[in-house]
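Examination of the molecular architecture
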Amino acid sequence: MSPGARPRTRWLLAALAAAAVALPFLVVDFPPLADLPQHAAQVRLLGEALGRGGEVPGEEASLYRVQWATPYSLVYVLFGAGRLLAGLAGAGSVTAGPVLGARLAMLLVALAWVAAIHGLAQRRGRSAAAAMVASVLVFHHALGWGFASFLVGWPVFVAWFLRVERDPAPPGRRGREALALFALAVLLYLAHALWWAAGLLWLGLDGLRRRRQWRALWPRAVAVAPVVAVAALWFLRLSATSFSTPPLWIAPAQRLDPGWWVEAAFGLLKGGAETLAFAVLLAWLLLAAWGSRRRLRESTDLRLALLAALFVGCALLLPDKFTNTIEFNTRWLSPGLAVLLLAAPPLRVPAGLRRGGAALVVAGYCLVVAVVWQRVERVELSGLPQALGALPDAPRVLGLDLLRESRWLDNRPFLQTFAWSQVVAGGTLNFSFADFPPSLVVYDPPRDAPWTGGLEWFPERLRDGDLAHFDHLVVGAPPGVHARLAQRDRLEARTRAGLWRLYAVRSGPP
């Protein structure tokens, strides 16, 4: 859709994109997003820490502390809303209740991501067809890893960007402007520390652009100063914990390889679908530039182009890991490409062809994701509902991902799958996000686990003595491994079908 077309058409295209993106979340019970169950478990722990959960007996609630000022808490508003909606729908099965609530929460996150793209296009007068095509970028590795806090920061940043782009308010309205910017600064900080840093950087760049208006810009500095102070105190506290790690670059020369760009932009699916999708996006950009080559500067949104360059530059230059945060650089490429698609001139083709092509791209790609997710749930998550349904209340669960990889998905999609046990039945886990210092709900005091650490990443490090600290195992493994586990004297198989099974730990000497 070209800039200036009817709002009704723009809304229709945005709704079609949202419906396509929602499809994969509607056809599975367990979206294969690595950290999703840990995020859902945080909501349960929040209820226990506040003393109104009533779901786990004993003294566990007294072990938790809520960190309201952590810059990763905003997304739990959506997780709480999802759990509330699922509660209204009633229980009845393992896949209802909290599990359904977690799925609804991630659906809301994905829809907010898409709404931000289309809202940005509308406010900047950019092509809604380009916004449709950019919507496929929500299915990238940050979603696959389940980086819910980072994902929810994107729509907040878009609101921040649009507010900063406004001209400074006249003297009589500067207080209102400062209050609005302060509210957005708080939301941006609570969404994710990285988005807060990006927001401050963009505010500084905008200040340099308006340096001749410095007298009108002081309310902005006043508005963000309190949040800057809180963020500085938080970072100082975090830097004193084990969460703070030095920057790590892994083969930076690979960032010039075309395959790296495909993986960094998507990185969710195995196979050729992502390469094809990336080629379509690249072709869209090249055709848009070629069609307006005689008026390229006038047809391009230079502010959006600068923002896209900032994000792409972060993907190319930042370390792969920093402060215990993986994908530190590549998580910026998908927002960068989405903004670049909006910044580019509209395709010089008939409107119907442009809109139809965009709808075909987003619908086709989302359909591929939906089919893959269904296949993963049917095969690689088989047995999980039965294992969760056989759990007692408040178990002490040791989770092992012996599958490691998926045939159809990139990275480690089953890394935290065992945490669904805490979502469904409460209790404790060998690893919880409550062990992470920046989480919303943390152990207080921090746990000094007597079992082998890092078993969620390295299950082969399990020692027989570790079993003494748990009463159940939730294990994802090939059938041959399950056959060997079932023969161990210390373990009693409670479920016997599928790749995910439940084992009870018998008491006794190792």
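Everything below is about the structure printed above this text.
All of the points below concern the structure found in this document. (Residues numbered from 1 in each chain as written. Predicted model: local features only at pLDDT ≥ 70, side-chain atom pairs only at ≥ 80, totals over all residues. Heavy atoms only, no water.)

**Digging into the pairing of strand 5 (residues 472–476)**
The element strand 5 is largely enclosed, with a buried count of five among its five residues. Where burial is concerned, the two faces of strand 5 agree: the one with H472, V474 and G476 and the one with L473 and V475 are both buried. Sheet topology places strand 2 (residues 396–401) next to strand 5; five bridges connect them, and they run parallel. Residue pairing for strand 5: G399 is matched across the bridge by V474. (Buried < 20%, exposed > 50% of the residue type's maximum accessible area, 1.4 Å probe, protein only. Helix = DSSP H or I, 4+ residues; strand = E, 2+ residues; numbered from the N terminus. Pairing = 2+ DSSP bridges.)

**A few points about the packing of aromatic side chains**
Taken as a whole and assessed by the stated rule, the structure comprises 28 aromatic pairs. Both rings, one in W195 and one in W332, keep their centres 4.9 Å apart while their planes meet at 70°; by these two values the pair is edge-to-face. Placement of W195 in helix 9 (residues 193–209) and of W332 in the loop between helix 14 (302–317) and helix 15 (333–343) is noted, with a sequence separation of 137 residues between them. A relative accessible area of 0% means that W195 is categorised as buried. Three or more aromatic residues link up through ring pairs in this structure, and these residues are W113, F150, W154, F157, W195, F311 and W332. The residue whose ring lies beneath R293 is W290, and the NZ or CZ to ring-centre distance is 4.0 Å. Over the aromatic face of F458 sits the side chain of R461, whose NZ or CZ is 4.1 Å from the ring centroid. (Phe/Tyr/Trp six-rings, centres within 6.5 Å; stacked < 30°, edge-to-face > 60°. Lys NZ or Arg CZ within 6 Å of the ring centre and 35° of its normal.)

**Some words on unusual backbone geometry**
With an omega of 0°, the peptide bond between D444 and P445 qualifies as cis. Along the chain, P445 falls in the loop between strand 4 (441–443) and strand 5. Positive phi, close to 50°, is recorded for E327, a residue that is not glycine. Positionally, E327 belongs in the loop between helix 14 and helix 15. Accessibility expressed as a relative area gives 21% for E327, which makes it partly exposed. The backbone of R404 sits at a positive phi, close to 65°, despite the residue not being glycine.

**Observations regarding the pattern of salt bridges**
Taken as a whole and judged by the stated rule, the model has 22 salt bridges. As a salt-bridge pair, R44 and E48 come within 3.7 Å of each other at their nearest N and O atoms. In this pair, R44 and E48 both sit in helix 2 (residues 36–49), four residues apart, roughly one turn of the helix. Here R44 and E48 have matching classes, each one buried. (Salt bridge = Lys/Arg side-chain N within 4 Å of Asp/Glu carboxyl O.)

**Some thoughts on the sheet that holds strand 3 (residues 428–429)**
One open sheet holds the five strands; their spatial order is 3-2-5-7-6, and the pairing between them is mixed. Edge strands, defined here as strands with exactly one partner in the open sheet, are strand 3 and strand 6 (491–493). One ladder, built from two bridges, connects strand 2 with strand 3; its direction is parallel. Bridged to V397 within strand 3 is L429. Together, strand 5, strand 6 and strand 7 (500–505) form the strand contacts of helix 19 (residues 479–486), whose direction differs from that of strand 7 by roughly 15°. (Contact = heavy atoms within 4.5 Å. Axes fitted to C-alpha atoms, helices over the stretch in contact; angles between N-to-C directions.)

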